[in-house]
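Given next are the chains, with one letter for each unit.
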Amino acid sequence: MLKDATGRLKESIELEGSTLIIKELPFLYHLPSADLRVEPQSAVLPGETVTFKCEIKSDSGWTYKWYKDWSPNLVFESKEHTFIITAAESDKGLYWCQGERQNRPISSDISRYVRLDVKVKPKLTRNKEYWLLTGESVTLICELGVSGLVFYWYKDTQASAPVAQTDVSSYSIGPLQLSHGGQYWCRAQRNQTMYQTQYSNGIWVNVTDKPTASVKILSNWTEFFVGENVSLRCEIQGGRDTDWEYSWYKGRLETLLPSSAQEHRFGIGSNYDNDYICKVKHKNGLSLSAKSEPLNIVVSWHASVDLRINGQSWLTEGHSVTLSCQVRGSTVGWRYRWYKILLIPDNDLRQFQTCRDQTPCEEIISDSISGDGSSYTLSSATSKHTGVYVCRAERGEPAFRTGYSDPQLLWVTVSSRPVSLQVSPNRSQHFSEESLSLSCVGLGDSSGWEVVWFSSSVRLSKCPGVEGNSCTLPSLDENKNTGVYWCQDQSGNTSQPVNITVQGGNMILEAPVHPLSEGDPLTLRCIHRNRPLSIRGDIYKDGLPLNQMVDGEMTIHSVMKDHEGRYQCRISLWTMSLETWITIRSENQGSRFLVWIGVGVGLAFIFILLFVLLCWFRKRKGAQVSSALSGQQQQDTNRSSNQGQTQPTDTNQDPSEYAPLQRGTSDVYETIRP
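Residues numbered from 1 in each chain as written. Predicted model: local features only at pLDDT ≥ 70, side-chain atom pairs only at ≥ 80, totals over all residues. Heavy atoms only, no water.

Once that is clear, we can look at the overall build of the protein chain. Within the protein chain, the regular secondary structure consists of 2 helices and 58 strands. Every one of the 674 residues in the protein chain was classed for burial, and the buried ones make up 39%. In the protein chain, of all internal contacts separated by at least 6 residues, the share reaching a separation of at least 24 is 62%. (Helix = DSSP H or I, 4+ residues; strand = E, 2+ residues; numbered from the N terminus. Buried < 20%, exposed > 50% of the residue type's maximum accessible area, 1.4 Å probe, protein only. Contact = heavy atoms within 4.5 Å.)

Spatially, 50-52-55 is the arrangement adopted by the 3 strands of the open sheet, whose pairing is antiparallel. Each of the sheet's edge strands pairs with one partner strand only, and the pair in question is strand 50 (507-510) and strand 55 (553-556). With strand direction ignored, the average angle separating the axes of adjacent strands in the sheet is 15 degrees. With 4 bridges connecting them, strand 52 (residues 522-528) and strand 55 associate as antiparallel partners. If you follow R525 over to strand 55, its bridge partner there is E553. (Pairing = 2+ DSSP bridges. Axes fitted to C-alpha atoms, helices over the stretch in contact; angles between N-to-C directions.)

Taken together, the side chains of L603, F605, I606, L609, L610 and L613 make up a nonpolar region of the molecular surface, amounting to roughly 630 Å² of accessible area. For I606, a relative accessible area of 47% corresponds to the partly exposed category. (Patch = residues over 30% accessible without salt bridge, like charges linked within 9 Å, V, L, I, M, F, W, Y side chains within 5 Å. Areas by Shrake-Rupley, 256 points an atom, 1.4 Å probe, with all protein chains shown as cover. Salt bridge = Lys/Arg side-chain N within 4 Å of Asp/Glu carboxyl O.)

Along the chain, I56 falls in strand 5 (residues 49-56). Excluding residues that lie within four positions of it along the chain, I56 makes contacts with P32, S33, A34, W62, Y64, G99 and S108.

Let us now look at the pairing of strand 7 (residues 74-78). Bridge count between strand 6 (residues 63-68) and strand 7: 4 bridges; the pairing is antiparallel. Looking at strand 7, one finds that Y67 is bridged to L74. Connecting the antiparallel pair strand 6 and strand 7 is a turn made up of 5 residues, with D69 showing a positive phi of about 55 degrees.

Here the focus is the confidence of the model for the protein chain. Residues at a pLDDT of 70 or more form 79% of the protein chain, whose mean pLDDT is 79. This model gives residues 1-16 a pLDDT under 50, and the stretch forms 31 contacts once residues within four places in sequence are excluded. Taken as a whole, residues 624-674 scores under 50 in pLDDT and shows 51 contacts with residues more than four places along the chain or in a different chain. (pLDDT = per-residue confidence, 0-100.)

A few words on the packing of aromatic side chains. Using the criterion set out here, one finds 21 aromatic pairs in the structure. Ring geometry for Y67 and W96: centres 4.3 Å apart, planes at 15 degrees, overall stacked. Linking Y67 in strand 6 with W96 in strand 9 (residues 93-100), this pair joins segments that are 29 residues apart in sequence. Both residues of the pair, Y67 and W96, count as buried. Between W334 and F400 the ring centres are 6.4 Å apart and the planes differ by 50 degrees, which places this aromatic pair in the tilted class. Placement of W334 in the loop between strand 32 (321-327) and strand 33 (335-341) and of F400 in strand 39 (residues 400-401) is noted, with a sequence separation of 66 residues between them. Through a chain of ring-to-ring contacts, three or more aromatic side chains come together here, namely F52, Y64, W66, F76, F83 and Y95. Between R101 and the ring centre of W62, over which it is positioned, the NZ or CZ distance is 5.2 Å. (Phe/Tyr/Trp six-rings, centres within 6.5 Å; stacked < 30°, edge-to-face > 60°. Lys NZ or Arg CZ within 6 Å of the ring centre and 35° of its normal.)

Quick look at the pattern of salt bridges now. Under the defined criterion, the tally for this structure stands at 29 salt bridges. The partner of E235 in a salt bridge is R233, with the nearest N and O atoms 3.2 Å apart. Taking the shortest distance from any N to any O, the salt bridge between R233 and E263 comes out at 3.0 Å. Of the two residues, R233 is situated in strand 22 (residues 229-237) and E263 in strand 25 (residues 263-267); the sequence distance between them amounts to 30 residues. For E263, a relative accessible area of 25% gives the class partly exposed. Three or more residues joined by partner-sharing salt bridges are found here, namely R335, R337, E363, E394, E397 and R401.

This paragraph deals with unusual backbone geometry. Note that the residue after R104, namely P105, is joined by a cis bond; omega there is -10 degrees. With respect to the element layout, P105 can be found in the loop between strand 9 and strand 10 (114-116). A cis amide bond links G174 to the next residue, P175, at an omega of -5 degrees. Here P175 shows up in the loop between strand 16 (170-173) and strand 17 (182-190). Despite not being glycine, D69 has its phi angle at roughly 55 degrees, a positive value. With respect to the element layout, D69 can be found in the loop between strand 6 and strand 7. Phi is positive for D156, close to 75 degrees, though the residue is something other than glycine.

Moving on, we come to the sheet that holds strand 6. The 4 strands are arranged 7-6-9-10 in an open sheet whose pairing can be described as antiparallel. Strands at the two margins of the open sheet, each flanked by one partner only, are strand 7 and strand 10. On average, adjacent strands in this sheet sit at an angle of 30 degrees to one another, irrespective of strand direction.

Take the pairing of strand 40 (residues 408-413) next. Counting buried residues in strand 40 gives 5 out of 6 residues, a clear majority hidden from the surface. Of the strand pairs in this sheet, strand 31 (residues 314-316) and strand 40 are connected by 3 bridges, and their pairing is parallel. Residue pairing across strands places T316 opposite T413, the latter belonging to strand 40. By the bridge criterion, 3 bridges tie strand 38 (residues 387-395) to strand 40 in an arrangement that is antiparallel. Paired with V388 across the two strands is L409, which belongs to strand 40.

Residue position: S495 is located in the loop between strand 48 (483-488) and strand 49 (498-503). Here C487 takes part through its backbone nitrogen, which lies 2.9 Å from a polar atom of the side chain of S495. Ignoring sequence-local partners within four residues, the contact set of S495 consists of W411, R417, V419, S420, L421, W449, W486 and C487. (Polar contact = N/O pair within 3.5 Å; in protein donor to acceptor, adjacent residues only side chain to side chain.)

This next bit is on the environment of G135. Looking at the element boundaries, G135 is found in the loop between strand 12 (132-133) and strand 13 (138-143). The exposure class assigned to G135 is exposed, which follows from its relative accessible area of 56%. Placed 43 residues apart in sequence, G135 and L178 show a C-alpha to C-alpha distance of 9.6 Å. Here G135 is in contact with P175 and L176, once residues within four sequence places are set aside.

On to the side chain of S108, then. Topologically, S108 is positioned in the loop between strand 9 and strand 10. What makes S108 buried here is its relative accessible area of 0%. With sequence-adjacent residues up to four places away left out, S108 is seen in contact with L31, P32, A34, I56, W62, Q98 and G99.

Considering the arrangement of structural elements, one finds T331 in the loop between strand 32 and strand 33. A relative accessible area of 60% places T331 in the exposed class. The sequence separation of T331 and E223 amounts to 108 residues, and the corresponding C-alpha distance is 9.7 Å. The contacts of T331, once residues within four sequence positions are left out, are E223 and Q326.

Now the structure itself:
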């Protein structure tokens, strides 16, 4: 029997040559249909029983054959329409059946395909793939596609007892704690049977603390000034920095800033806000976010520096001094720069750097400036270090710079000066609106010397009323003309300086301009603006009354070092002069040293002479007594003769040999006093 393309039966009736002639039978046969069913219809676990039933409703005497997938190879054949197997992973696939028999119709139609799914190993997933935070929840899903199972959940190791058992294929954990972190597996089992799957793939659950945001200042300092740059960073505790979106706010109203980076940089303007806040939101679109506490930035309006001299501001050549520069109210992060003010013609200003008040200056770069530069130490000062100094500070990148400090005069005196500055009237205090004359006077030629002055309100400058080596100030001003005056030539050589104080009130103290030496007389006098004659008043020294006034003045006939100090004249609590510092110089230390050297040399000579005589005496000890007596008498006679010859006075003796040592002439100002 054959079947054509339409399923009708045909029968061979003749053969002509090599051609088979097929003739259609006068009647049609419809093949019986085969119906294949499987129990259970869902996926099964390894070891479970699966029953295939192939049913052909028409005719009888069928032999049932089962096939798998697309292979023509017979899987099972039976007179019974039932095929039972114990499921294994290799049994997965498509099954179909067909019946055959001896009589017509000799075969059935092919059954439909039935799929058998054997689930051996589940797939474990979770509903959140990113890092998990404390307080959140997560659901683990054991994907298998088999109903009626019990699911067991394992953590950290498969050999341990399950941490949970569920009747569904999911396991929810939450709210999460750090202890929930670890590796998880699942496996499934048919309820109340021993049929179960293998362990699933492992999956990690990483749990970190819920993030907290905080604002951190990136610089080492926490106080700032208007005009300075500030760098802030939004720190996240919990999660990774790249997992977040950032936003910045300022002020109590939390005004949104345009920055969306983790770091926020800005300059502090005059309209500054003190409080800054950052907020973070997870990039995966979760509602998870954090907000920092406000960071309060301490801001000051103006950064000013103080320049101080640690020690005497007027010192002798060879002594040491340290200048220190400090930002007022701030100590961290600063680098300091030092400058020396120059005395140059106004038409040359363009060639030089300018410092405070457009004053020409040059930056000092020296090994004496160490560390952050806050101190400038001169271990052995020389005359070239005399000058006016300023400093400034800077910090950050780009650098924020403070203003310049107030200028500070440093004076280094030397043993002798070719010229001196004469002041007329010869006193250190003067009334405002008076005139003052200053002249450079020297033992030799004093041409080429000019009067130079320095005050806190006027930069280092030449005296404005210059006539040769003299200067006249016709009307003194207490703010402008109070300062330090000296003579200077084009080579930078200087005279000893003089302090000039201009008083706007009605009382001044007349005191010498230059320092005194021990033994010199000192006369102090109180002068009133409207009373040209001396008036009665009280002289104070270092704030204590002396009560030594006679006819309106006080005289000390021979000053000592103890007389050095601050002096002031008072008539009442409302009428008093400014204080004047009077310097008393001790005798020249070099002269004292020479005297002691002379004394030492003399004593050494006498000792040597006595030693020689002693040796000579011992050598002559063995001589006869008579010879010794005779020699002694002759020696006595000679001594008497010599004594008689030395009685007259030598009129040719140099009198300077007996003159006392001269006091030193070096002027050493211990300090600048107002």
